[in-house]
Amino acid sequence: MKKLVVAVSVLSLLGATSAMAKTTEEIWKTCTACHGAKGEGKKALGPALKGNEFIVKGSDADISATIKDGRSGAAKKYKEFPSPMPPQKALTPDEIHELVEYLKGNLQK
Ligand code: HEC
């Protein structure tokens, strides 16, 4: 009986970690509210990321920093999108790295 309890709690621990590591697609879903499902942008909410020069030609470091720290106040670039880009503090460096690859890669196709 004790063994069974241990096995069950180990399994639930494994379940917890795999639920915590988010896939790039899952993370991207949180961006689409403002940037559109295909990165086409949304009126007044967020600029298009598809075909966006900052994404296509910008450095990985600049894009990563924008995602991690967001942009508000004087740092903002777009007047037509009044809201700030919210900082994504919950993402790990690895998650941000993969997100940048996605933005530069699959999203531009
Ligand atoms: C609440 C709306 C919102 C959400 C959610 C959001 N963004 Fe943004 N994002 C913005 C706005 C508004 C800007 C424009 C900021 C500015 O004026 O510079 C922006 C700008 C950006 C830029 C810079 C674009 C450029 O042309 O300089 C990148 C990259 C970006 N967002 C990526 C993301 C990613 C990746 C996510 C998801 C993890 C995300 N955003 C989630 C609103 C949002």
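Structural data are supplied above this passage.
Let me begin by describing the structure that accompanies this report.

Thresholds applied
- Residues numbered from 1 in each chain as written.
- Predicted model: local features only at pLDDT ≥ 70, side-chain atom pairs only at ≥ 80, totals over all residues.
- Near = placed C-beta within 6 Å.
- Helix = DSSP H or I, 4+ residues; strand = E, 2+ residues; numbered from the N terminus.
- Nonpolar A, V, L, I, M, F, W, Y, C, P; charged D, E, K, R; others polar.
- Axes fitted to C-alpha atoms, helices over the stretch in contact; angles between N-to-C directions.
- Parallel < 35°, antiparallel > 145°, perpendicular 65-115°, else oblique.
- Contact = placed C-beta atoms within 7 Å.

### Details of the site of the ligand
Here comes step 1: Not every one of the 25 residues close to the ligand is listed here, only the nearest: Cys31, Cys34, Lys76, Lys77 and Met85.
Here comes step 2: The set of elements that each furnish at least two residues to the shell around the ligand consists of α2 (24-35) and α4 (60-69).
Here comes step 3: Tallying contributions element by element places α2 first for the shell around the ligand, with six residues.
Here comes step 4: Among the residues making up the shell around the ligand, the classes are represented as 15 nonpolar, seven polar and three charged.

### Quick look at the packing of α2 against helix α5 (residues 93-104)
Helices that pack against each other are described as a pair by the angle of their axes relative to one another and the distance between those axes.
Here comes step 1: The interhelical angle for the contact between α2 and α5, taken along N-to-C directions, is 75°, at an axis separation of 10 Å. When the interaxial angle is binned, α2 and α5 end up roughly perpendicular. Counted together, Thr24, Ile27 and Trp28 of α2 and Glu95, Glu98, Leu99 and Tyr102 of α5 form the full contact between these two elements.
Here comes step 2: Class assignment of the residues belonging to the contact of α2 with α5 gives a composition of four nonpolar, one polar and two charged.

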